[in-house]
Each structure stands twice: as C-alpha cells, then as structure tokens.
Amino acid sequence: MADPKGFLTTPREEWPRRPSGERTRDWDEVYVPGALLPIVGRQADRCMDCGVPFCHEACPLGNLIPEWNDLVSRSDWRAASDRLHATNNFPEFTGRLCPAPCEAGCVLAINQPAVTIKNVECAIADLAWEEGFTPPRPPERLSGRTVAVVGSGPAGLAAAQQLTRAGHTVAVYERDDRIGGLLRYGIPEFKMEKQHLERRIGQMRAEGTLFRTSTAVGRDVDVAGLRARYDAVVIASGATAWHELAVPGRELAGIHQAMEYLPLANRVCEGDLEHSPLSAAGRHVVIVGGGDTGADCLGTAVRERAASVTQLDIYAQPGAERDEEAEPWPTYPRLYRLSAAHEEARELRSAPAADADARLFAASTLRFTGDERGHVRALHLVGVDAGRRPKPGTERSLPADLVLLALGFSGPDRRDGLVDGLGLELEPRGTIARDRDFATNVPGVFAAGDAARGQSLVVWAIAEGRAVAAAVDRHLSGGTTRLPAPVGPYDRPMTA
Ligand SMILES: Cc1cc2nc3c(=O)[nH]c(=O)nc-3n(C[C@H](O)[C@H](O)[C@H](O)COP(=O)(O)OP(=O)(O)OC[C@H]3O[C@@H](n4cnc5c(N)ncnc54)[C@H](O)[C@@H]3O)c2cc1C
Ligand code: SF4
C-alpha cells in the first residue's frame, strides 16, 4: 500500500450515481461518467494489505484484491489489469453487477466502511480497455480437440474463452439471437450497458471462439449428433425455469413473469422494438418478489413511466446494520439496502410521501381480481409473520393493472429437450447433477453455471466457467491442465 495510514485519513467514497430524475429519463448506466477515476486511487489506498485477506477468500473468483489495490494506489494500471485478468475474464461485468461479498469480508468492515473493492475493479477494467491493455490472446498452437459450449451467459463465455486460449476449437451454441445470456436479455441496460458485452465478444471472436446464435440444442441441433461431433460438451444453459404463483386470479391478463417483461425492455434498448408490448407506461405496477430481479423490474417500470410501482417482499424488512449473532463478519449479511432502482421509484411518489419506499415487506399475495374483460385490476395481500403465517386484520388491496412475478428460478429449462435428450441426471432440486470435476453422468459432458449450481450470480458463473474449462482441458489432455481455476467451494449454495 502506498499510504499505510490511508484507511485512517480517507473516508469511503463510492462512484456517485447521476440524479435519479435525470437517469430515469434514459437507459444509460446510473453512474456519473468519468467520476470514478479521480477518486479511485485514494480509495484503493484505504486497503490495509492484510496478512490474511478475507476479501480474497470471500470473492468466488479468488480475485487478488490487495495486490491490485496496491498497484492502483501506485498508478500502475497495466500491472493492476494483469493481476485482475489473471483471475477474472470479465471484470467490467462484475465491477458493475457483483453484490461484492468481498466488501462484506473486508477486514476494515469490522468497524469501518469497507474498501470500495468493486469500484476499483471496475475502474481497472474500464481503463484497461481504454488503454489497450487487454488485446485478444489467441492460442499459440491448436490442440486439434473440439468443444461445444451450450449457452452464452457468463458461465459459457468464461468457459469458452479459457478453452479457446488453451488451444481447443470451441463453438458456443446460443438459442437466442444474440450472445450474452442474462447479461443480454434480463439484466437491464441501466445496470450494464451492452457495449461492454459487445467488446468482450469481439475479443473472443478475434481469439478464435466460434458463435452459433439462434440455435437451440435439442430443438435445432440434435443432442446425440452434437455429442458425437465434439470431443467434449459443456452445458451452461442457465436456470431459467421460473417459479409460479398459484393463487386465485393468476390466469387474468396483465400478469406476467419478470423474464417475460425484462427481455422486451432489453429489445427496445437494442433497437429491435420501438415500444415494449408489455410496457408499464401509465399502469399501476405491482412486482411480486423482493429480490434483484424484482428491483430490475422496478427500475424498468419507472423508466417506462408507470403510474405507480410497488414491490412486495415476503420477508420482513432487514436491519440497516449487520446482526453480529446471526450473520457475523465476514459473512455476507442480509441488510436493508436502497438500490438505484429503489431510489428511482421515489420519483413516482408524490410529496409528502416522497421518502417512502416502494417496497412492502412481510407481505404475501392472496389473490388477484380483474375487470369484466378478464384483465387484472387489483392485487389482494396480507401481512405475514416470520413464519409466513398471515396476520389477522392486515388484508389490503393494491391497484394493479400490470403484475410482474419475480419469484426466482428452479433449474434448467427442459422444453428444448437438451437435458432429457442427453439423458442428464438431475439433483432433487432440479439442477443438473455433476461430480467435483463438473462431469455429468454422460461421458464427455460437463455442466457449469446456474444450470448446475442453481440460480446464482454473475461472479459465480464466471468462476464456474473457469473451473469447468480447467476440468475439460484435463479431460482432453489426459490429466494435466495449464488453465487456472478458482477453488470453489462449488458444492456450497451461493453466498451472496
Ligand atoms: C433479471 C435478472 C437480473 C440479475 N441481476 C444480477 C446482478 O445484478 N448481479 C449478479 O451477479 N447476478 C444477477 N443475476 C443472476 C445472473 O444473471 C446469473 O446468475 C448468470 O447470468 C448465470 O449465468 P449462466 O451463464 O449460468 O446462465 P445464463 O446467463 O442464464 O445463460 C444461459 C444461456 O443458455 C442459453 N440456452 C439455454 N438452453 C439452451 C439450448 N438448449 N441451446 C442453446 N442455448 C441455450 C440461454 O438462452 C442463455 O442465453 C440476475 C438474474 C436475473 C434473472
Ligand atoms: S468479483 Fe465481486 S466479490 Fe470478487 S472482487 Fe469483484 S466485486 Fe468483489
């Protein structure tokens, strides 16, 4: 560390967001452009370069955080980029999207605000692109072995990049018309502009990775034929089978899954559509589900100029401070957080309730009612206790003419016939079963990312992509690999 007293003299300062009134009038990223670089060097200087860096352990990729903090505080951006890319293929994605379990594990966070690790990561990644520190790295020689990767989300992309760089010939099959998985169709533009995705795809093409879009394996391509044609197959098809809400009135028009709604907004930003057919404009929107997917619906509905937006969370409102008994440092605590989208939702709320939160906590949906044309008009809910038991006398109704269900995902989508066509065994919870080497029950077929791990995070998807690539390389080369892999634990549920 350039300044051993940095953590004593410099307060935590985050990359500022644009005023919410401004950013809800466009789809650009929420942060003030150009405002990160001037502050990030001093922020990196707050790192104490701890003997045992818990942040490093808390990051699923094992990012070498104290090393690149030190390099940034000394303005050695090229070396910082090299150390960052040594463990993370796509730091500009995690620098924008990761919930940063590393910061919860930062030693400074025991009694002070943590180092802004995620911001430092993003600054290094963005500057690396600007300065040309990340040119394509095609392999020096080809192995003559071939790999098919099914799915082009962060897990498939990380696996494909690692395997291509190791000299294998890799083709990525994607059923959508564009590459990126949930980074493309799911995560809104205001959280990550798609130019970052395009830049990486360009890099991967230049390295030799092949992409086959609009090709659903199991439907457009025969699975047995695919298995026979390639030396190995990696299944990284995500966990997009969504949970349903089985309450009276669910069949009414105007009630949609979040993942029916969000991709249409992505398509508007891509220029495919002028308006979303499910636009929230002028409608009373209720989002059922308190997680990040629900928050993405919220930010999207605000930008579409909804009349009102409410997000229901079945859990009680968490506290603002870590509960040291239940969730001690360095675990990732459940805290009351005001995301950018929650801040923006206040735009729709009239004074004097301008400070009100768009979320209703400890609320459970009872039923929907509609008009004579069969369109939803109201959502009826009840307050619940910690055991999700209804609390008498807390029933109420909300006006609702667009309801979005964001209740999570159970496992891979089986409609294309990929899972059943290959005869893949599943875990009881519906994810693809695999051993510690990421191998499924079908010889030569491996599984990674949400498809095998269950609904998780971008950082875990990249970590799994890197780890499955090392396992496939070992399989193809008869026992050795030059590919580094994060150490997991891959059998543990998501930690953030
Ligand atoms: C709305 C939303 C917002 C999120 N926001 C965040 C966030 O801010 N931060 C974060 O860390 N995580 C976030 N997540 C979670 C994160 O996006 C996922 O954990 C991650 O994308 C999983 O990566 P993956 O590569 O395993 O799968 P996916 O990204 O789901 O990609 C799988 C791909 O496989 C393709 N596919 C499926 N079947 C076939 C087939 N038969 N043939 C060909 N292709 C196929 C799919 O079309 C898809 O493109 C969010 C998730 C959602 C739904
Ligand atoms: S990837 Fe996430 S956990 Fe890892 S260093 Fe970056 S922000 Fe932290």
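Predicted model, so just to flag it, every value in this text is computed and none were measured.

Novice: Residues and numbers for the overall build of the protein chain, please.
Specialist: A count of helices and strands for the protein chain gives 18 helices and 15 strands. Here the C-alpha atoms of the protein chain give a radius of gyration of 23 Å, agreeing with the 23 Å that 2.2 N^0.38 yields for 496 residues. In terms of overall dimensions, the protein chain has C-alpha extents of about 65 × 60 × 45 Å along its principal axes. Per-residue burial for the protein chain yields a buried fraction of 55% across its 496 residues. A separation of at least 24 residues holds for 67% of the contacts in the protein chain among residues at least 6 apart in sequence. Of the roughly 21,100 Å² of accessible surface on the protein chain, 51% is carried by carbon and sulfur atoms. Mean positive and mean negative side-chain charge positions of the protein chain (57 and 67 charges, respectively) differ by 1 Å.

Novice: Explain the sheet that holds strand β15 (residues 445-447) to me, using residue names and the numbers behind them.
Specialist: Hydrogen bonding along the main chain pairs the strands of a sheet, whether they run parallel or antiparallel. In space, the five strands of this open sheet follow the order β3-β2-β1-β4-β15, with parallel pairing throughout. The sheet is open, and its two edges are formed by β3 (210-212) and β15, each paired on a single side. The sheet shows a mean angle of 20 degrees between the axes of neighbouring strands, taken without regard to direction. Relative to β3, strand β2 (residues 169-173) runs parallel, the two being bridged by three bridges. Its bridge partner being in β3, A171 is matched across the sheet by L210. Where helix α10 (residues 154-165) meets the sheet, it contacts β1 (146-150), β2 and β3, and its direction lies at approximately 165 degrees from that of β2.

Novice: Tell me what's going on with the pattern of salt bridges, and back it up with residues and numbers.
Specialist: According to the stated counting rule, one finds 39 salt bridges in the structure shown. For the salt bridge of D220 with R219, the shortest nitrogen-to-oxygen distance reads 3.5 Å. When its relative accessible area of 43% is taken as the criterion, D220 is described as partly exposed. Salt bridges linked by common partners bring D177, R178, R184, E198, R267, E270 and D272 together as one network.

Novice: Hey, could you go over the environment of P486 for me, with residue numbers and the actual values?
Specialist: Mapped onto the elements, P486 comes out in the segment after α18 (458-477). Remark: the alpha-carbon pair of P486 and A470, spanning 16 residues in sequence, is separated by 9.6 Å. Residues in contact with P486, not counting those within four places in the same chain, are P60, L61, A463, R466 and A467.

Novice: Go over the domain arrangement of the protein chain, please, and point to the residues and values.
Specialist: What the domain assignment reports for the protein chain is domain 1 (6-131), domain 2 (146-241 + 410-491) and domain 3 (244-407). Each of domain 1 and domain 3 was reduced to a C-alpha centroid, and the two centroids are 30 Å apart. Overall, the association of domain 1 and domain 3 removes approximately 1,500 Å² of surface from exposure, summing both partners, and the carbon and sulfur fraction of that is 61%. The largest share of the area that domain 1 buries against domain 3 comes from T24, W27 and A104, three residues that together contribute 42% of it. Linking domain 1 with domain 3 are three salt bridges. Linking E344 and R23 is a salt bridge whose minimum nitrogen-to-oxygen distance equals 2.5 Å. Taken together, domain 1 and domain 3 are joined by eleven residue pairs in polar contact (both at pLDDT 80 or more).

Novice: I'd like to hear about the site of ligand 1, residue by residue, with values.
Specialist: With respect to spatial proximity, 35 residues lie near ligand 1, and among them L97, E174, K191, D450 and V458 are the closest. Contact between ligand 1 and D416: a nitrogen atom at 3.4 Å from a side-chain N or O atom of the residue. Within the backbone of D450, one N or O atom sits 2.9 Å away from an oxygen atom of ligand 1. Across the complex, the protein chains shield 96% of the 1,000 Å² of accessible surface that ligand 1 would expose by itself. When residues of the shell around ligand 1 are traced back to their parent elements, those giving at least two are α10, α13 (258-270), α14 (292-303) and α18.

Novice: Got a sec to walk through the nonpolar core? Specific residues and values, please.
Specialist: Judged by nonpolar contacts, the single largest core of 72 residues is most densely connected at V147 and V472. Considering each element in turn, this core owes the most residues, twelve residues, to α18. Taken domain by domain, the makeup of this core includes at least three residues from each of domain 1 (6-131) and domain 2 (146-241 + 410-491). In this view, V472 contacts V147, L163, A232, V234 and F446; residues no more than four positions away in its chain are not counted. By size, the runner-up hydrophobic cluster in this structure holds 22 residues, among which are M259, L264, A306 and V309.

Novice: Kindly report on the pairing of β2, identifying the contributing residues and their values.
Specialist: Along β2, four of the five residues are buried, which leaves the element largely enclosed by surrounding structure. Two strands pair when backbone bridges link them, and β1 and β2 are joined in this way by five bridges, in the parallel orientation. Bridging from a neighbouring strand, A148 pairs with A171 of β2. In this fold, β1 hands off to α10, which returns the chain to β2; that crossover is right-handed.

Novice: Residue-level account of unusual backbone geometry, with values.
Specialist: Residue W329 is joined to P330 through a cis peptide bond whose omega torsion reads 10 degrees. Considering the arrangement of structural elements, one finds P330 in the loop between β8 (308-312) and α15 (340-345). Even without glycine at this site, D49 takes up a positive phi of about 50 degrees. You can see D49 is positioned in the loop between α3 (37-44) and α4 (54-58). Positive phi, normally seen in glycine, also occurs at S214, with a value near 50 degrees. Following the sequence through the fold, S214 ends up in the loop between β3 and α12 (223-229).

Rules of the game
Residues numbered from 1 in each chain as written. Chains lettered and ligands numbered in written order. Predicted model: local features only at pLDDT ≥ 70, side-chain atom pairs only at ≥ 80, totals over all residues. Heavy atoms only, no water. Helix = DSSP H or I, 4+ residues; strand = E, 2+ residues; numbered from the N terminus. Rg over C-alpha atoms; globule rule 2.2 N^0.38 Å. Buried < 20%, exposed > 50% of the residue type's maximum accessible area, 1.4 Å probe, protein only. Contact = heavy atoms within 4.5 Å. Areas by Shrake-Rupley, 256 points an atom, 1.4 Å probe, with all protein chains shown as cover. Lys, Arg positive; Asp, Glu negative; His and termini not counted. Charge placed at Lys NZ, Arg CZ, Asp CG, Glu CD. Pairing = 2+ DSSP bridges. Axes fitted to C-alpha atoms, helices over the stretch in contact; angles between N-to-C directions. Salt bridge = Lys/Arg side-chain N within 4 Å of Asp/Glu carboxyl O. Domains from an automatic or database assignment. Buried area = accessible area lost by both parts, 1.4 Å probe. Polar contact = N/O pair within 3.5 Å; in protein donor to acceptor, adjacent residues only side chain to side chain. Near = heavy atom within 4 Å. Core = buried A, V, L, I, M, F, W, Y, C linked by side-chain atoms within 4.5 Å. Right-handed = clockwise from strand over helix to strand, strands pointing away.

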